[in-house]
Amino acid sequence: MADEGLDTYRSVLSERVSAFVRDRVFPFEAALEAGGPDGSKLKERLRTEAREAGLWALPLPLELGGGGVPLRAYASIAEAEGASDHGPAALGSAPLLDVTMLARHGTPHARSAYLRRLVAGELHTCYAMTEPDTPGTEPILTATRAHRRPGGGWTLTGRKWFVSNAADADLVTVLARTSGTTGDRDGLSLLLVPTHTPGFRVERELPVLGATGQYEITFEHVDVTEDHLVGEEGQALAIAGERLQLGRTLRALRWIGQAQRAFDLMCRRAMERRGARGALADRQLVQSHVFESLLALRTTRPLVHEAMALVADGRDAHVEVGLAKTAAARTLQEVTDRAIQVFGAAGLGPDTPLPALFRTGRTARILDGPDEHHVSSVARRVLQSRQPAAASA
């Protein structure tokens, strides 16, 4: 009975979040995307409405001002929030990765200075790992360096790109080499850098297929204090891997939410659009688009929820996360592509969210690790797990 009650509560909460995103976020996506003073005012208004509705920061810790919803229960809510790229920010769940990282690995000073303000939406963060001349899937080649200062702390120099929301960030987490040589697994550290620190600079925006929000940033002799180290010095890869597993799974959930949105739009169009030969829904090729899209959604969603369950339990989920991330990205692109086909020319223009959803689906197959990386990584792990059995056969 307790489980049934929990399922009902989770379902009701997901429905409330879905209604909020549909009614309060969808109509204002263009203004939120444009940014500027008007976009900022609108975002703050939506955040106020989310707080008043009791939907603010649902997966963040209760003791820090969040909703305290466990990760397992949050999975379906993440889908509903993620139906719009602006949903997580409007509802206060966007800093989940940073709050989780700092709560587990931050120094006492960092936890005291930043955690509550992050949950309250007073601070904005970004994560800087990828570099222009270094493959994002090989962090051991990181060229950004942090040298020890005689009085303690580090001086950081380097360049990062495809850093989300860097222009609006108050705090950036940077992967840098603090010891060893290029290619060593040890010697990489995570450092927190307040963006008002001298030497930090946003160099340029990097439009992704025309969309805003990604940036290139530089650190030129930026001083970082000892209490802004995340985790143990030289042991960043373990924390980065932990963060990546949760981050990829969260994004996969949001991509499923967006794919569901594209599917719903396609079905509505098929039912409402009529020509000389009747409704689109009566045409076999349109029915095929609906079937293949539903099949993709129904087969991908369980993969993503399985990955979230493992991540939430702190178990090894490399294979499941790799499958979920790849499948969700493909599903979003494929379902949106079929929806555009059903809409025809209208699906290419500014009157539907389909072009933006398709763009997200296409970039999803590269960002957070390209498909090829996950295919190889998952396959290697599966084959390695079978080696003892093969040897004894």
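A short tour of the structure in this document, coming up. Residue positions are given per chain, counted from 1 along the sequence in the order it is written. Local features in this predicted model are restricted to residues of pLDDT 70 or higher, and side-chain atom pairs are both shown and tallied only at a pLDDT of 80 or more, whereas totals for entire chains, interfaces and linings draw on every residue. The side-chain values count all of the structure's non-hydrogen atoms but skip hydrogen atoms and water molecules.

## A short note on the packing of helix H6 (residues 96-105) against helix H8 (residues 236-272)
Part 1: It is at 10 Å that the axes of H6 and H8 come closest, and there the two elements cross at 150 degrees. With respect to H8, the element H6 is oriented roughly antiparallel. By crossing handedness, the relation of H6 to H8 is classed as right-handed. From H6, Leu-96, Leu-97, Asp-98, Thr-100, Met-101, Arg-104 and His-105 reach across to H8, where they touch Ile-239, Glu-242, Arg-243, Leu-246, Gly-247, Leu-250 and Arg-251.
Part 2: Residue classes follow a fixed rule: Ala, Val, Leu, Ile, Met, Phe, Trp, Tyr, Cys and Pro count as nonpolar, while Asp, Glu, Lys and Arg count as charged, and any other residue, Gly among them, counts as polar. For the contact of H6 with H8, the per-class residue count stands at six nonpolar, three polar and five charged. Lines fitted to C-alpha atoms define the axes here, with helix axes fitted over just the stretch in contact, and angles between the N-to-C directions of these axes take values from 0 to 180 degrees. We count a stretch as a helix when DSSP gives it H or I for four or more residues in a row; a strand needs E for two or more, and each element gets its number in order from the N terminus. Each angle receives one of four descriptions, namely roughly parallel if under 35 degrees, roughly antiparallel if over 145, roughly perpendicular if within 65 to 115, and oblique otherwise. The sense of a crossing depends on the near helix, which, turned anticlockwise from the far helix by less than a right angle, makes the crossing left-handed and, turned clockwise, makes it right-handed. Throughout, a contact is declared for two residues whenever any of their heavy atoms are within 4.5 Å.

## A look at the nonpolar core
Nonpolar side chains tend to gather and get buried jointly when the protein is soluble and globular.
Part 1: We call a set of buried Ala, Val, Leu, Ile, Met, Phe, Trp, Tyr and Cys residues a nonpolar core when their side-chain atoms join them within 4.5 Å. Here's how the labels work: a residue is buried when its accessible area is under 20% of the maximum for its type, exposed when over 50%, partly exposed in between, all with a 1.4 Å probe on protein chains only. Val-17, Leu-102, Tyr-114, Leu-190 and Leu-354 are the most contacted members of the largest nonpolar core, which totals 84 residues.
Part 2: With 16 residues, the top contributor of residues to this core is H8.
Part 3: Among residues more than four places away in sequence, those in contact with Val-17 are Leu-55, Leu-58, Ile-77, Ala-80, Glu-81 and Leu-91.
Part 4: The next biggest cluster of nonpolar side chains, apart from the first, holds 20 residues, and it includes Cys-126, Val-172, Ala-176 and Phe-219.

## A closer look at the packing of aromatic side chains
Part 1: To pair, rings of Phe, Tyr and Trp, with the six-membered ring standing in for Trp, must have centres within 6.5 Å; the planes then decide the type, stacked if under 30 degrees apart, edge-to-face if over 60, and tilted in the middle. In this structure the tally under the stated criterion is two aromatic pairs.
Part 2: Centroid distance Phe-200 to Phe-219: 5.6 Å. Interplanar angle 55 degrees. Geometry classified as tilted. Note that Phe-200 is positioned in strand S6 (residues 200-205) and Phe-219 in strand S7 (residues 214-224), a separation of 19 residues in sequence.
Part 3: We classify Phe-219 as buried; its relative accessible area is 2%.
Part 4: We call a charge positioned over a ring when the NZ of a Lys or the CZ of an Arg lies within 6 Å of the ring centre and within 35 degrees of the ring normal. Between Arg-45 and the ring centre of Phe-28, over which it is positioned, the NZ or CZ distance is 5.0 Å.

## Topic: the pattern of salt bridges
Part 1: We define a salt bridge as a contact between a side-chain nitrogen of Lys or Arg and a carboxyl oxygen of Asp or Glu at a distance within 4 Å. In total, this model carries 22 salt bridges according to the counting rule given.
Part 2: Here Arg-261 ties to Glu-29 by a salt bridge, and the two come within 2.8 Å at their closest N and O atoms. Taken together, the positions of Arg-261 in helix H8 and Glu-29 in helix H2 (residues 29-34) put the pair 232 residues apart, joining distant regions of the chain. Grouping residues by exposure puts Arg-261 and Glu-29 together as buried.

## Re a nonpolar patch on the surface
Part 1: Judged by side-chain polarity, Phe-162, Ile-366 and Leu-367 come together as a nonpolar surface patch covering roughly 240 Å² of accessible area.
Part 2: Residue placement: Leu-367 occurs in the loop between helix H11 (354-364) and helix H12 (371-385). Patch membership needs two things, relative accessible area over 30% and no salt bridge, and members are linked within 9 Å if like-charged or within 5 Å if nonpolar (Val, Leu, Ile, Met, Phe, Trp, Tyr). Only the protein chains shown count as cover for residues, with accessible areas throughout obtained via the Shrake-Rupley method and a probe of 1.4 Å.

## Re the packing of helix H4 (residues 71-82) against H8
Part 1: Remark: H4 packs on H8, axes separated minimally by 6 Å, with the N-to-C direction vectors making an angle of 45 degrees. Accordingly, the angle class assigned to the pair H4 and H8 is oblique. Crossing hand, H4 versus H8: right-handed. For the pair H4 and H8, the contacting residues are Leu-71, Tyr-74, Ala-75, Ala-78, Glu-79 and Gly-82 in the first and Leu-246, Leu-250, Leu-253, Arg-254, Ile-256, Gly-257 and Gln-258 in the second.
Part 2: Grouping the constituent residues of the contact of H4 with H8 by class yields eight nonpolar, three polar and two charged.

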